[in-house]
Amino acid sequence: MEDKELQLVDHLDELRKRIIITAVAFVVFFIVGFIYVTDIYDWIVRDLDVKLIVLGPSDIIWVYFMIATVIAIAGTIPVLASQLWMFVKPALKPIERKITLSYIPALFLLFIVGFAFGYFIIFPMVLEFLVTMGADMFVTNFTAEKYFRFLLNMTLPFGVLFELPAVVMFLTSLGIINPFVLSKIRKYAYFVLILIAIVITPPDFMSDFVVTLPLLLLYEISINLSKFVYKKRMKKMQEEEDEEFANA
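Structure report, in brief.

Rules used in this analysis
- Residues numbered from 1 in each chain as written.
- Predicted model: local features only at pLDDT ≥ 70, side-chain atom pairs only at ≥ 80, totals over all residues.
- Heavy atoms only, no water.
- Helix = DSSP H or I, 4+ residues; strand = E, 2+ residues; numbered from the N terminus.
- Buried < 20%, exposed > 50% of the residue type's maximum accessible area, 1.4 Å probe, protein only.
- Contact = heavy atoms within 4.5 Å.
- Patch = residues over 30% accessible without salt bridge, like charges linked within 9 Å, V, L, I, M, F, W, Y side chains within 5 Å.
- Areas by Shrake-Rupley, 256 points an atom, 1.4 Å probe, with all protein chains shown as cover.
- Salt bridge = Lys/Arg side-chain N within 4 Å of Asp/Glu carboxyl O.
- Lys, Arg positive; Asp, Glu negative; His and termini not counted.
- Charge placed at Lys NZ, Arg CZ, Asp CG, Glu CD.
- Core = buried A, V, L, I, M, F, W, Y, C linked by side-chain atoms within 4.5 Å.
- Phe/Tyr/Trp six-rings, centres within 6.5 Å; stacked < 30°, edge-to-face > 60°.
- Lys NZ or Arg CZ within 6 Å of the ring centre and 35° of its normal.

Time to look at the side chain of Thr-143. Positionally, Thr-143 belongs in the loop between α5 (103-133) and α6 (144-161). Residue Thr-143 is classed as buried on the basis of its relative accessible area of 13%. Excluding anything up to four places from it in sequence, Thr-143 contacts Leu-52, Ile-53 and Leu-55.

Next comes the structure, spelled out in structure tokens:
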């Protein structure tokens, strides 16, 4: 009983250490993002035909914090993934350590790809639709706070959703999920993804379709990648069992 309690304490200490390292990385990236906010801001608004306005000093600091937070999230993802890997590393076999380690850069790259998809495709499409819809009714002026909040809502979810294939492969390699479970819950997953697409896009069929299709494709890709990883894992486990049986 005492041994189990000691092991639990050791695990909690290790978890606390990984959380602290991740938190420190987030703060460091946040500070870096805060330092370069002006350059990032100029790049984001380079194509805007109007100048953003603020309604008070708090809007200015909010924009600074929002941009710095996005930079911090993007920079912390590989750190978080590596700390998670180091936490579960003692329970993994050598071959599993090598395989799961390869997913860390994939998580970061997929986040960037998803974020870019939201920024270069979804965001301008939705913004143009909304501005055109009210062009004959309103004078279009954007506050910095509203504009960047809208930008964040149109980009950050895609950065997270595009990590689905890497997350699925990682969990499959650890034996937590398998392609059979993913196939079984496909209709529920489709419903959730379609609902997400409808919520974050304008109320027209074309916009819904443009967003829904890549999300459903991501899920199908995730299932196929899970099958590939699952087969390799089962084959490796069988080879190890055969080797143990031969040596017995």
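What follows deals with a negative patch on the surface. A cluster of acidic residues, Glu-239, Glu-241, Asp-242, Glu-243 and Glu-244, forms a negative patch on the protein surface. Here Glu-244 shows up in helix α10 (residues 205-247). Glu-244 gets classed as exposed once you look at its relative accessible area, which sits at 59%.

All right, on to the nonpolar core then. One finds Leu-52, Tyr-147, Phe-148 and Phe-158 to be the most contacted residues of the largest nonpolar core, which totals 36 residues. What Leu-52 contacts, discounting residues up to four positions off in sequence, is Tyr-41, Val-45, Phe-142, Thr-143, Ala-144, Tyr-147 and Phe-148. Counting 10 residues, the second largest nonpolar core, distinct from the first, contains Ala-74, Ile-77, Ala-81 and Trp-85.

So, on to the packing of aromatic side chains. Evaluation of the coordinates by the stated rule reveals 20 aromatic pairs. Here Phe-117 and Phe-158 contribute two aromatic rings whose centre-to-centre distance is 5.4 Å and whose plane-to-plane angle is 65°, an arrangement assigned as edge-to-face. Taken together, the residues span a long stretch of sequence, with Phe-117 in helix α5 and Phe-158 in helix α6 at a distance of 41 residues. Judged by its relative accessible area of 15%, Phe-117 falls in the buried class. Seen in terms of ring centroids, Tyr-119 and Phe-120 are 4.9 Å apart; in terms of plane orientation they differ by 85°. Their pairing is edge-to-face. Among the aromatic residues, those joined into a ring-pair cluster are Tyr-41, Trp-43, Tyr-119, Phe-120, Phe-123, Phe-142, Tyr-147, Phe-148 and Phe-150. Its end group placed over the ring of Trp-43, Arg-46 keeps NZ or CZ at 4.1 Å from the ring centre.

For the coordinates displayed, the defined rule picks out 4 salt bridges. The shortest N-O distance in the salt bridge between Arg-18 and Glu-14 comes to 2.5 Å. Placement of both Arg-18 and Glu-14 in helix α1 (residues 2-35) is noted, with a separation of 4 residues, approximately one turn of the helix. The class of Glu-14 is partly exposed, set by a relative accessible area of 24%. Arg-186 is the salt-bridge partner of Glu-220, the closest N and O atoms lying 2.8 Å from each other. Here Glu-220 is found in helix α10, whereas its partner Arg-186 is found in helix α9 (residues 186-200), with 34 residues between them in sequence.

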